[in-house]
Amino acid sequence: RKEVEQDPGPFNVPEGATVAFNCTYSNSASQSFFWYRQDCRKEPKLLMSVYSSGNEDGRFTAQLNRASQYISLLIRDSKLSDSATYLCVVGGSGNTPLVFGKGTRLSVIA
Amino acid sequence: DARVTQTPRDKVTEMGQEVTMRCQPILGHNTVFWYRQTMMQGLELLAYFRNRAPLDDSGMPKDRFSAEMPDATLATLKIQPSEPRDSAVYFCASGLAPGLVPETQYFGPGTRLLVL
């Protein structure tokens, strides 16, 4: 089983739609969780951290389910500019570095 | 606006040639990472440093890859000899860690390598 798994997509959604991505991780000792965004031919950039209590940033909501070992990202009222690949990222503790999923591609269509 | 810089941005070379990629981390960051990204494998960690000391390079093919931090403002990744399967985008990232896992990693624009 891969450490971090995501549905590669693509998710093709119309503007204004709500879309959700899930990500599962295998290491139950993982301590930190993030969503990164990567535009085509660009570098990954931090979108948001994911906290146990869940967190929201504008149209974006991230949630963590430790019992089931999955992380979700919800995007409401999709914009054309949301088109990108969304990378799920999980970190352990101690010497374990961050592990990136392969990403889920989102395409928002006018 | 502080950024991670990488050079070169694009590199085309022939199999067997040496390739050197350079990274300038954000000033004050104490952790530097080298990643490789391909369509098939996604983003793979090759090596990382904290306070210039190598912590882990288990993701790197040791026979041909080497990573160093000659000083706090420069990290290098070398491939010698290069092979077509090394073709990928190589990203450098830096972060500031109170522990060993930075809260946020800031990525450079990447070096797009093509080995013919």
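Scroll up a little and you will see the structure.
Residues numbered from 1 in each chain as written. Chains lettered and ligands numbered in written order. Predicted model: local features only at pLDDT ≥ 70, side-chain atom pairs only at ≥ 80, totals over all residues. Heavy atoms only, no water.

Glancing now at the pattern of salt bridges. Overall, the coordinates contain 9 salt bridges over all chains when judged by the stated rule. Measuring nitrogen to oxygen at the nearest pair gives 2.9 Å for the salt bridge that ties A:Asp77 to A:Lys79. The salt bridge involving B:Arg64 is made with B:Glu83; its shortest N-O contact spans 3.5 Å. Separated by 19 residues along the polypeptide, B:Arg64 in the loop between strand S6 (53-56) and strand S7 (65-71) and B:Glu83 in the loop between strand S8 (74-79) and strand S9 (88-95) bring together distant segments of the chain. Of the residues examined, B:Arg64 reaches a relative accessible area of 8% and is grouped as buried. Bridged by salt links that share partners, the residues B:Arg64, B:Glu83, B:Arg85 and B:Asp86 form one connected network. (Salt bridge = Lys/Arg side-chain N within 4 Å of Asp/Glu carboxyl O. Helix = DSSP H or I, 4+ residues; strand = E, 2+ residues; numbered from the N terminus. Buried < 20%, exposed > 50% of the residue type's maximum accessible area, 1.4 Å probe, protein only.)

Attention now goes to a nonpolar patch on the surface. Residue and element names in this part refer to chain B. Where nonpolar side chains cluster on the molecular surface, the patch consists of Val12, Leu114 and Leu116 and spans about 290 Å² of accessible area. You can see Leu114 is positioned in strand S11 (residues 111-115). On the basis of relative accessibility, which here comes to 40%, the residue Leu114 falls in the partly exposed class. (Patch = residues over 30% accessible without salt bridge, like charges linked within 9 Å, V, L, I, M, F, W, Y side chains within 5 Å. Areas by Shrake-Rupley, 256 points an atom, 1.4 Å probe, with all protein chains shown as cover.)

Here the focus is the layout of surface pockets. Any empty space left between the atoms is revealed when a probe the size of a water molecule rolls over them. The space that makes up the largest pocket amounts to roughly 1200 Å³. Taken together, 42 residues make up the lining of the largest pocket; nearest its centre are A:Gln38, A:Asp39, A:Arg41, A:Lys42 and B:Gln37. Secondary-structure elements contributing two or more residues to the lining of the largest pocket are strand S5 (44-49), strand S9 (84-91) and strand S11 (104-109) of chain A together with strand S4 (31-38), S9, strand S10 (106-107) and S11 of chain B. By residue class, the composition of the lining of the largest pocket is 17 nonpolar, 13 polar and 12 charged. Taken as a whole, the second largest pocket spans an internal volume of roughly 400 Å³. Lining the second largest pocket we find 14 residues, and of these A:Glu3, A:Val99, A:Phe100, B:Leu43 and B:Glu44 sit closest to its centre. Listing elements by their share of the lining of the second largest pocket, those giving two or more residues are strand S10 (99-100) of chain A together with strand S5 (42-50) of chain B. (1 Å grid on protein atoms, 1.4 Å probe; cavity = no way out; pocket = protein on both sides within 12 Å on 5 of 7 lines; lining within 4 Å. Points joined across faces, edges and corners; volume = space filled by probe spheres on them. Nonpolar A, V, L, I, M, F, W, Y, C, P; charged D, E, K, R; others polar.)

This next bit is on unusual backbone geometry. Of the consecutive residues A:Gly9 and A:Pro10, the connecting peptide bond is found in the cis state with omega at 10°. Counting through the fold element by element, A:Pro10 comes out in the loop between strand S1 (4-6) and strand S2 (11-14). Cis geometry marks the peptide bond from B:Thr7 to B:Pro8, where omega comes out at -10°. Here B:Pro8 lies in the loop between strand S1 (5-7) and strand S2 (10-13). The phi dihedral of A:Arg41 is positive, around 65°, even though this residue is not glycine. Along the chain, the position of A:Arg41 falls in the loop between strand S4 (32-38) and S5. Even without being a glycine, A:Asp77 presents a positive backbone phi close to 50°. With respect to the helices and strands, A:Asp77 occurs in the loop between strand S8 (70-75) and S9.

The partner chain A presents 18 residues to the 20 residues of chain B that form the contact. Both faces combined, the contact of chain B with chain A buries some 1600 Å², and carbon together with sulfur accounts for 55% of it. Contributing elements (two or more residues each) for the side of chain B that touches chain A: S4 and S5 of chain B. The dominant element in the side of chain B that touches chain A, judged by the number of residues it contributes, is S5(B), at 4 residues. (Contact = heavy atoms within 4.5 Å. Buried area = accessible area lost by both parts, 1.4 Å probe.)

Read these as geometric descriptors, not functional statements.
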